[in-house]
Amino acid sequence: MNQTFIKQEKVRFQHVDYAGIVFYPRFLEMLNCLVEDWFEEALDRPFSKMHETNGIPTVDLKIQFKKAARLGDVLTKKLWVNHLGGASLLCGFSFEDENGTTCLDGEVTLVNVAFNEDRNDIKATPFSDEMKMKISTFIIS
(Lines give C-alpha, C1' and ligand atoms only; values in the text may rest on other atoms or scores of the structure.)
Protein backbone atom coordinates (compact mmCIF):
# COMPACT_ATOMS: atom_id res chain seq x y z
CA MET A 1 0.00 0.00 0.00
CA ASN A 2 1.41 3.36 -1.01
CA GLN A 3 1.24 6.09 1.55
CA THR A 4 2.05 9.73 2.10
CA PHE A 5 3.95 10.95 5.17
CA ILE A 6 1.96 13.76 6.81
CA LYS A 7 2.84 16.18 9.60
CA GLN A 8 1.28 19.42 10.76
CA GLU A 9 3.14 22.57 11.73
CA LYS A 10 1.85 25.81 13.14
CA VAL A 11 3.29 28.96 11.63
CA ARG A 12 5.02 30.76 14.47
CA PHE A 13 6.45 34.25 14.90
CA GLN A 14 9.93 32.86 14.13
CA HIS A 15 8.72 31.87 10.65
CA VAL A 16 7.32 35.20 9.47
CA ASP A 17 8.69 38.44 8.10
CA TYR A 18 7.59 42.03 8.76
CA ALA A 19 4.50 41.51 6.58
CA GLY A 20 3.38 38.61 8.79
CA ILE A 21 3.82 35.96 6.09
CA VAL A 22 6.24 33.05 6.08
CA PHE A 23 9.68 34.19 4.94
CA TYR A 24 10.49 31.76 2.11
CA PRO A 25 13.70 30.24 3.63
CA ARG A 26 11.60 29.15 6.62
CA PHE A 27 9.58 26.95 4.27
CA LEU A 28 12.85 25.20 3.35
CA GLU A 29 13.59 24.66 7.04
CA MET A 30 10.07 23.23 7.47
CA LEU A 31 10.70 20.93 4.51
CA ASN A 32 13.98 19.75 6.02
CA CYS A 33 12.16 19.02 9.31
CA LEU A 34 9.58 17.01 7.35
CA VAL A 35 12.32 14.94 5.69
CA GLU A 36 14.06 14.42 9.01
CA ASP A 37 10.80 13.34 10.70
CA TRP A 38 10.03 10.98 7.81
CA PHE A 39 13.40 9.28 8.15
CA GLU A 40 13.02 8.92 11.92
CA GLU A 41 9.34 8.09 12.28
CA ALA A 42 8.54 6.15 9.11
CA LEU A 43 11.88 4.72 8.02
CA ASP A 44 13.41 4.12 11.49
CA ARG A 45 16.59 5.93 10.46
CA PRO A 46 16.97 8.97 12.74
CA PHE A 47 19.41 11.64 11.62
CA SER A 48 21.05 11.50 15.08
CA LYS A 49 22.25 7.97 14.29
CA MET A 50 22.57 8.25 10.53
CA HIS A 51 24.97 11.16 10.61
CA GLU A 52 27.53 9.16 12.56
CA THR A 53 28.55 7.37 9.34
CA ASN A 54 26.52 8.74 6.45
CA GLY A 55 23.95 11.30 5.37
CA ILE A 56 21.15 12.12 2.98
CA PRO A 57 21.90 15.55 1.48
CA THR A 58 19.58 17.46 -0.80
CA VAL A 59 21.11 17.68 -4.28
CA ASP A 60 18.22 19.25 -6.18
CA LEU A 61 15.18 21.23 -5.11
CA LYS A 62 12.26 22.56 -7.13
CA ILE A 63 9.62 24.60 -5.37
CA GLN A 64 6.61 26.66 -6.37
CA PHE A 65 5.13 29.15 -3.96
CA LYS A 66 1.39 29.33 -4.58
CA LYS A 67 -0.15 31.12 -1.59
CA ALA A 68 1.20 33.00 1.40
CA ALA A 69 1.01 31.35 4.81
CA ARG A 70 0.48 33.62 7.79
CA LEU A 71 1.25 33.71 11.48
CA GLY A 72 -1.06 31.27 13.28
CA ASP A 73 -1.88 29.13 10.24
CA VAL A 74 -1.61 25.39 10.69
CA LEU A 75 0.04 23.79 7.68
CA THR A 76 -0.37 20.16 6.66
CA LYS A 77 2.96 19.05 5.21
CA LYS A 78 2.93 16.01 2.91
CA LEU A 79 5.82 13.98 1.51
CA TRP A 80 5.84 11.02 -0.88
CA VAL A 81 8.29 9.29 -3.23
CA ASN A 82 8.10 9.81 -6.99
CA HIS A 83 11.16 7.69 -7.85
CA LEU A 84 13.55 5.45 -5.93
CA GLY A 85 16.96 4.90 -7.49
CA GLY A 86 19.94 2.94 -6.24
CA ALA A 87 21.36 5.70 -4.04
CA SER A 88 18.88 8.52 -4.64
CA LEU A 89 15.23 9.28 -4.29
CA LEU A 90 12.98 11.92 -5.77
CA CYS A 91 10.30 13.05 -3.33
CA GLY A 92 7.28 15.19 -3.99
CA PHE A 93 5.93 17.47 -1.28
CA SER A 94 3.17 19.94 -0.62
CA PHE A 95 2.16 22.24 2.21
CA GLU A 96 -1.54 23.04 2.55
CA ASP A 97 -3.39 25.49 4.76
CA GLU A 98 -6.39 24.61 6.95
CA ASN A 99 -8.74 25.00 3.97
CA GLY A 100 -6.75 22.49 1.91
CA THR A 101 -5.32 25.21 -0.34
CA THR A 102 -1.76 24.50 -1.48
CA CYS A 103 0.71 27.09 -0.22
CA LEU A 104 3.70 25.47 -1.91
CA ASP A 105 4.68 22.26 -3.61
CA GLY A 106 7.65 20.80 -5.38
CA GLU A 107 10.22 18.04 -5.58
CA VAL A 108 13.39 17.33 -3.67
CA THR A 109 16.14 14.90 -4.70
CA LEU A 110 18.02 13.25 -1.84
CA VAL A 111 21.14 11.11 -2.17
CA ASN A 112 22.29 8.46 0.29
CA VAL A 113 25.98 9.08 1.00
CA ALA A 114 28.71 7.58 3.14
CA PHE A 115 31.81 9.35 4.33
CA ASN A 116 35.08 8.36 5.87
CA GLU A 117 36.11 9.15 9.44
CA ASP A 118 37.55 12.55 8.49
CA ARG A 119 34.38 13.35 6.52
CA ASN A 120 36.54 14.58 3.65
CA ASP A 121 35.55 11.76 1.28
CA ILE A 122 31.83 11.58 0.53
CA LYS A 123 30.41 9.06 -1.94
CA ALA A 124 26.94 8.10 -3.08
CA THR A 125 26.10 4.72 -1.56
CA PRO A 126 23.21 2.45 -2.56
CA PHE A 127 20.35 2.08 -0.11
CA SER A 128 20.19 -1.27 1.66
CA ASP A 129 17.47 -3.68 0.54
CA GLU A 130 15.74 -3.15 3.89
CA MET A 131 15.73 0.62 3.44
CA LYS A 132 14.47 0.30 -0.15
CA MET A 133 11.55 -1.79 1.13
CA LYS A 134 10.64 0.87 3.71
CA ILE A 135 10.97 3.71 1.21
CA SER A 136 8.99 1.85 -1.47
CA THR A 137 5.81 2.00 0.66
CA PHE A 138 5.80 5.75 -0.03
CA ILE A 139 6.13 5.53 -3.82
CA ILE A 140 3.14 7.12 -5.51
CA SER A 141 2.52 5.70 -8.96
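Above this text sits the structure in question.
Residues numbered from 1 in each chain as written. Predicted model: local features only at pLDDT ≥ 70, side-chain atom pairs only at ≥ 80, totals over all residues. Heavy atoms only, no water.

## Notes on the overall build of the chain
Point 1. Along the chain, the regular secondary structure elements total three helices and eight strands.
Point 2. Shown N-terminal to C-terminal, the secondary structure of the chain runs as helices and strands in the order β-α-α-β-β-β-β-β-β-β-α.
Point 3. Seen through its C-alpha atoms, the chain measures out along the principal axes to roughly 45 × 40 × 25 Å.
Point 4. Buried positions account for 38% of the 141 residues belonging to the chain. (Helix = DSSP H or I, 4+ residues; strand = E, 2+ residues; numbered from the N terminus. Buried < 20%, exposed > 50% of the residue type's maximum accessible area, 1.4 Å probe, protein only.)

## Re a nonpolar patch on the surface
Point 1. A cluster of nonpolar side chains, contributed by F23, Y24 and F65, occupies part of the molecular surface with about 320 Å² of accessible area.
Point 2. Within the element layout of this structure, F65 appears in strand 3 (residues 58-65).
Point 3. Note on F65: relative accessible area 43%, which makes it partly exposed. (Patch = residues over 30% accessible without salt bridge, like charges linked within 9 Å, V, L, I, M, F, W, Y side chains within 5 Å. Areas by Shrake-Rupley, 256 points an atom, 1.4 Å probe, with all protein chains shown as cover. Salt bridge = Lys/Arg side-chain N within 4 Å of Asp/Glu carboxyl O.)

## What to know about the pattern of salt bridges
Point 1. Summed over the entire model, instances satisfying the criterion amount to 10 salt bridges.
Point 2. In this structure, the salt-bridge partner of E9 is K77, at a minimum N-O distance of 2.5 Å. Note that E9 is positioned in strand 1 (residues 5-10) and K77 in strand 4 (residues 74-84), a separation of 68 residues in sequence.
Point 3. Judged by relative accessible area, which is 18%, E9 ranks as buried.
Point 4. Since its relative accessible area comes to 2%, K77 is described here as buried.
Point 5. With a shortest N-O distance of 3.9 Å, D105 and K66 are connected by a salt bridge.

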